[in-house]
Amino acid sequence: MFENLQALPEDPILGLMAAFRADTATTKIDLGVGVYKDEHGKTPVLRAVRAAEQAVLADQQTKTYVGPAGNEQFNALIAELVLGSKHPALTSGRVRAVQAPGGCGALRLGAELLTVGGARPTVHVSDPTWANHVPLLSGAGLKLERYPYFEHRTGTVKFDAMLERLSSLPAGDVVLLHGCCHNPTGADLSIAQWRKIADVLLQRRLVPYVDIAYQGLGEGIDEDAEGARLIAATVPEALIAVSCSKNFGLYRERVGALMVLTESSTQTTATASHLRKIARGIWSMPPDHGAAIVARILSDAKLNQDWRYEVDAMRNRMLSLRSALSAALAKTCSAEMASVIEKQRGMFSTIPVTPEAADTLRQQHHIYMTRDGRINIAGVSMAAIDYIAKAIGSVA
């Protein structure tokens, strides 16, 4: 059965991680892997997470299954975190959340849901988009197409071209949108642009699929959700995939949820039953530990406040790193290169370097980034900024 299988190429990001670990250079910098790091290159456990975890373990009386929909308290609280507790879509009963193993599980759950009615709509993703969007969505049998999004030279959104493409799509197609902190570019839509997108989605009867994986790490917890909230207040149907990996630091716990919005509470109830059936057929029951931690944080006033303080600190640190790296690049490269870093938001930026330049940075300077120029801002340390800027200046 397996004798004719050939080894597949290494995933680019996972391969980069392996190459970095194998590099014996005394000075090496990992800007590839998408995790938050502190000044010492460590990915810490948040204080609020540690306190919540201890409380969960102290109170937990059983390890029995929680059911295909997962932790219902988590589901309700994560929907409120994304949409706001008084959002009309929530108060009218038109939204239901189902827990999933991470944002990846949520994205795949939504992709499988799109095939239930037999239509198998085309899903339109930004150019570029997060690399794993492609296998997660196409693996459910969905066709993917690209819409214009990013101008590599200037580091900005090609909004007019994006809007024109979406305005030409047939009714029933699905549009995948990054809720905030666009991965891999860091180039986000303004709220005015979100309004125009929402109007087009409504007029063309397109279904938005919002992936929000970095809430709180761009402009703020509520500010980063404005686009998703606007979409949910405008269109009759939508999907929202949520990840708690980055803003709660729960990467290995695999905590996520898929939120579904329909035209009525009756339709939402029916759709949620299909989500539970799909989940039952893929992973049966989701892991509870991470979701229980998030639920404890969001339901406890002090833990919630502490967590928000820590998210603010992570965001502000990345903003400081952006500012410092931008200033250093202005000296070693160009004002245009510096501007790209300064105006983008979130964990990532895509800088205008060639794949060959990215190879040179890795081979000669031991600076690891993906060949499309994506860098993890949180992987930068203040101590290494001058070194990074000089290296990029030598190849840009």
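Let us look at the structure shown here. Remember, predicted model here, so these are calculated numbers, not experimental data.

1. Regarding the overall build of the chain
Across its full length, the chain holds 15 helices and 13 strands. Against the globule reference of 21 Å for 396 residues, the chain gives a C-alpha radius of gyration of 21 Å, in line with a compact fold. On the principal axes, the C-alpha backbone points of the chain span a range of 60 × 55 × 55 Å. Within the chain, buried positions represent 53% of all 396 residues. Summarising the internal contacts of the chain: among those between residues at least 6 apart in sequence, 75% fall at separations of at least 24. In the chain, which carries 41 positive and 40 negative side-chain charges, the distance between the mean positions of the two groups comes to 1 Å.

2. Points about the environment of R252
In this fold, R252 is placed in the loop between β9 (238–243) and β10 (255–261). For R252, a relative accessible area of 78% puts it in the exposed group. Along the chain, R252 and N316 lie 64 residues apart, while their C-alpha atoms are 24 Å from each other.

3. Let's talk about the packing of helix α7 (residues 159–166) against helix α8 (residues 191–204)
At their nearest, the axes of α7 and α8 sit 10 Å apart, and the two run at 15° to each other. One element, α7, and the other, α8, form an angle in the roughly parallel class. Crossing of α7 over α8 shows right-handed handedness. Here F159, M162, L163 and L166 of α7 come into contact with α8, specifically with Q193, K196, I197, V200 and R204. Along the lines of polarity and charge, the residues of the contact of α7 with α8 split into six nonpolar, one polar and two charged.

4. What to know about the pattern of salt bridges
In this structure the tally under the stated criterion is 13 salt bridges. A salt bridge links R296 to D59, with the shortest nitrogen-to-oxygen separation between them at 2.7 Å. With a gap of 237 residues between them, R296 in helix α11 (residues 289–299) and D59 in helix α2 (residues 47–59) connect regions that are remote in the sequence. Its relative accessible area of 46% is what places D59 among the partly exposed residues. A salt bridge links E112 to R108, with the shortest nitrogen-to-oxygen separation between them at 3.0 Å. In this pair, E112 and R108 are both assigned in helix α5 (residues 102–114), four residues apart and thus about one turn of the helix distant. One salt-bridge network, in which partners are shared between bridges, spans D359, R362 and R371.

5. Comments concerning the layout of surface pockets
For the largest pocket, the calculated volume is near 1,000 Å³. Lining the largest pocket are 42 residues; nearest its centre among them are I13, W130, N132, N183 and R374. Taken together, the elements giving at least two residues each to the lining of the largest pocket come down to α1 (12–22), α5 and α6 (133–138). Ranked by residues supplied to the lining of the largest pocket, first place goes to α1 with five residues.

6. Notes on the sheet that holds strand β3 (residues 123–127)
Read across the sheet, seven strands follow the order β2-β10-β9-β8-β7-β3-β4 without closing on themselves; strand pairing throughout is mixed. The open sheet has two edge strands with one neighbour each: β2 (95–101) and β4 (144–148). If you compare each strand with its neighbour and ignore which way they point, the axes differ by 25° on average. Across the sheet, α8 lies against β7 (174–178) and β8 (207–212), angled at about 165° from β7, the strand it touches most.

Quick notes on the rules
Residues numbered from 1 in each chain as written. Predicted model: local features only at pLDDT ≥ 70, side-chain atom pairs only at ≥ 80, totals over all residues. Heavy atoms only, no water. Helix = DSSP H or I, 4+ residues; strand = E, 2+ residues; numbered from the N terminus. Rg over C-alpha atoms; globule rule 2.2 N^0.38 Å. Buried < 20%, exposed > 50% of the residue type's maximum accessible area, 1.4 Å probe, protein only. Contact = heavy atoms within 4.5 Å. Lys, Arg positive; Asp, Glu negative; His and termini not counted. Charge placed at Lys NZ, Arg CZ, Asp CG, Glu CD. Axes fitted to C-alpha atoms, helices over the stretch in contact; angles between N-to-C directions. Parallel < 35°, antiparallel > 145°, perpendicular 65-115°, else oblique. Left-handed = near helix turned anticlockwise from the far one by under 90°. Nonpolar A, V, L, I, M, F, W, Y, C, P; charged D, E, K, R; others polar. Salt bridge = Lys/Arg side-chain N within 4 Å of Asp/Glu carboxyl O. 1 Å grid on protein atoms, 1.4 Å probe; cavity = no way out; pocket = protein on both sides within 12 Å on 5 of 7 lines; lining within 4 Å. Points joined across faces, edges and corners; volume = space filled by probe spheres on them. Pairing = 2+ DSSP bridges.

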